[in-house]
Amino acid sequence: MYIAFGAKGALAWRASKRYSAPMRSDEHEPEAFANLHAPWRMEYIRLLSGSGDGCFLCHARDDAAHEAENLVLWRTAKCIVLMNRFPYAGGHLLISPLEHVGELGQVPPETLTEMMALASDSTAVLAKVLRAEGFNIGLNIGRCAGAGLPGHLHLHVVPRWNNDTNFMAVLGDVRVIPQALEELRQHLLQEGLRMKRPKALYEP
Ligand SMILES: [Zn+2]
């Protein structure tokens, strides 16, 4: 089963399940009404719309002095790994090429290889730190596929656990308090150091 990420993807999934799953009490709330109760969504929408600081991945790439604020975990020769500020689950990571490119065909093969190696390294560290028992790893290419930031490709790595029966869309767009993100970031950084992952940082 392919799982779409992003606000649009979550909505699409809910729509597809409408006849087979119990309806959530808020499913008929107009978007504006939902926003009234979730002001942090305005930040989410602002980030997705490309307004404000523009592409948050390019911003993180160019703003190396603020790794914690930008939730950056690792930088390699061709990629950057960040924590998702609006995670579907704790430890939801994003792996992105340094270049602002939105299509797979624009990403050089060696960069694609590095992205997959980083996905592997990320799962190893997440399994250790969060005792993750499974993972959803995927790309959303284009807005219709649920990409929140269609201009800059990014690979989602979402940890899963046995018996985490709630579909991740239930958690989608939830704002996690910055302190919790930073605490987890520190754990991931320390475990990465201990495990010597990502390998790209330790093996020439
Ligand atoms: Zn970008």
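Everything below is about the structure printed above this text.
Residues numbered from 1 in each chain as written. Predicted model: local features only at pLDDT ≥ 70, side-chain atom pairs only at ≥ 80, totals over all residues.

Sorry, what's going on with unusual backbone geometry here?
With an omega dihedral of -5 degrees, the bond running from Arg197 to Pro198 counts as a cis peptide bond. Turning to its location among the elements, Pro198 is positioned in the segment after α6 (178-195). Phi at Leu71 is positive, roughly 65 degrees, even though this residue is not glycine. Relative to the helices and strands, Leu71 resides in the loop between α4 (56-62) and β1 (72-75). On the basis of neighbour count, Leu71 is assigned to the buried category, with 21 C-beta atoms found within 10 Å. Phi at Arg131 takes a positive value of approximately 55 degrees, unusual for a residue other than glycine. By the secondary structure assignment, Arg131 is in the loop between α5 (109-130) and β4 (134-139). Residue Arg131 is classed as exposed on the basis of its 9 C-beta neighbours within 10 Å. (Helix = DSSP H or I, 4+ residues; strand = E, 2+ residues; numbered from the N terminus. Buried ≥ 20, exposed ≤ 12 C-beta atoms within 10 Å, placed from the backbone.)

Sorry, what's going on with the sheet that holds strand β2 (residues 79-83) here?
By way of backbone hydrogen bonds, the strands of a sheet pair with one another, either parallel or antiparallel. On the basis of which strands lie adjacent, the open sheet formed by five strands has the order β1-β2-β3-β5-β4 and antiparallel pairing. Here the strands that pair on one side only, and so sit at the sheet edges, are β1 and β4. Ignoring strand direction, the axes of neighbouring strands in this sheet form an average angle of 20 degrees. Bridging between β1 and β2 involves three bridges; their strand directions are antiparallel. Of the residues in β2, the one forming a bridge with Arg75 is Ile80. The sheet contacts of α6 involve β1 and β2, and relative to β1 the element is tilted by about 30 degrees. (Pairing = 2+ DSSP bridges. Axes fitted to C-alpha atoms, helices over the stretch in contact; angles between N-to-C directions. Contact = placed C-beta atoms within 7 Å.)

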